[in-house]
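Structure assessment
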Amino acid sequence: MQLKIKLSVLLAAAMVAQSATSTTTTSTFTVTAAVASTCTAATSNVGFGAYNPASGTANDATGAALVTCTNGSTYTVSLDAEVNAGGASV
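Treat the numbers as computed from the prediction; the structure is a model and nothing was measured.

**Details of the overall build of the protein chain**
Counting its regular elements, the protein chain contains 1 helix and 2 strands. Starting at the N terminus and ending at the C terminus, the protein chain contains elements arranged as α-β-β. For the protein chain, with 90 residues in total, the buried portion stands at 1%. Relative to all contacts within the protein chain whose residues are 6 or more apart in sequence, the contacts with residues 24 or more apart total 42%. Accessible surface, the protein chain as shown: approximately 8600 Å² in total, 58% of it carbon and sulfur.

**Overview of the state of the cysteines**
Taken as a whole and assessed by the stated rule, the structure comprises 1 disulfide. A sulfur-sulfur distance of 1.9 Å marks the disulfide that ties Cys39 to Cys69. Given an S-S torsion of about 110°, the disulfide between Cys39 and Cys69 has right-handed geometry. Of this pair, Cys39 sits in strand 1 (residues 39-43) while Cys69 is found in strand 2 (residues 65-69), placing the two residues 30 residues apart along the sequence.

**Regarding the side chain of Ser73**
Within the secondary structure layout, Ser73 lies in the segment after strand 2. When its relative accessible area of 17% is taken as the criterion, Ser73 is described as buried. Side-chain polar atoms of Ser73 contact the side chain of Ser37, separated by 3.4 Å. Within the local environment of Ser73, its side chain forms a polar contact with the side chain of Thr70, the two groups lying 2.7 Å apart. For Ser73, the residues in contact, after removing those within four places along its chain, are Ser37, Thr38 and Cys39.

**With respect to the confidence of the model for the protein chain**
Of the residues in the protein chain, 69% have a pLDDT of 70 or more, and the chain-wide mean is 79. For the protein chain, the element scoring lowest by mean pLDDT is helix 1 (residues 2-19), at 59; strand 1 scores highest, at 94.

**Structural notes on the pairing of strand 1**
Taken across its 5 residues, strand 1 has 0 buried, putting it largely on the surface. By the bridge criterion, 5 bridges tie strand 1 to strand 2 in an arrangement that is antiparallel. Note that in strand 2 the partner of Ala41 across the bridge is Val67.

**Things to note about the environment of Ser44**
Within the secondary structure layout, Ser44 lies in the loop between strand 1 and strand 2. Ignoring any residue separated from it by four or fewer positions in sequence, one finds Ser44 in contact with Gly63 and Ala64. For Ser44, the side chain forms a polar contact with the main-chain nitrogen of Ala64, separated by 2.8 Å.

About the cut-offs
- Residues numbered from 1 in each chain as written.
- Predicted model: local features only at pLDDT ≥ 70, side-chain atom pairs only at ≥ 80, totals over all residues.
- Heavy atoms only, no water.
- Helix = DSSP H or I, 4+ residues; strand = E, 2+ residues; numbered from the N terminus.
- Buried < 20%, exposed > 50% of the residue type's maximum accessible area, 1.4 Å probe, protein only.
- Contact = heavy atoms within 4.5 Å.
- Areas by Shrake-Rupley, 256 points an atom, 1.4 Å probe, with all protein chains shown as cover.
- Disulfide = S-S within 2.5 Å.
- Polar contact = N/O pair within 3.5 Å; in protein donor to acceptor, adjacent residues only side chain to side chain.
- pLDDT = per-residue confidence, 0-100.
- Pairing = 2+ DSSP bridges.

Right, dumping it as structure tokens:
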């Protein structure tokens, strides 16, 4: 009787082990995405300090403009006199 129970348990364990076996299947698929053209811009301040227009010398200063765009985007950076349109040229 014990032998019969042991054989039944072994047979059941073998069936469970076989049903737990898995297979791996691979496949390919296509992925698409539409990427919108976009840019971001960042600037640093430009400080000219104290300027004496009677000195006759220029008062130079530097700053930076950083433009970052998605690959393939086109952009233009330009400067104008803005609120000082009647003043010095840029």
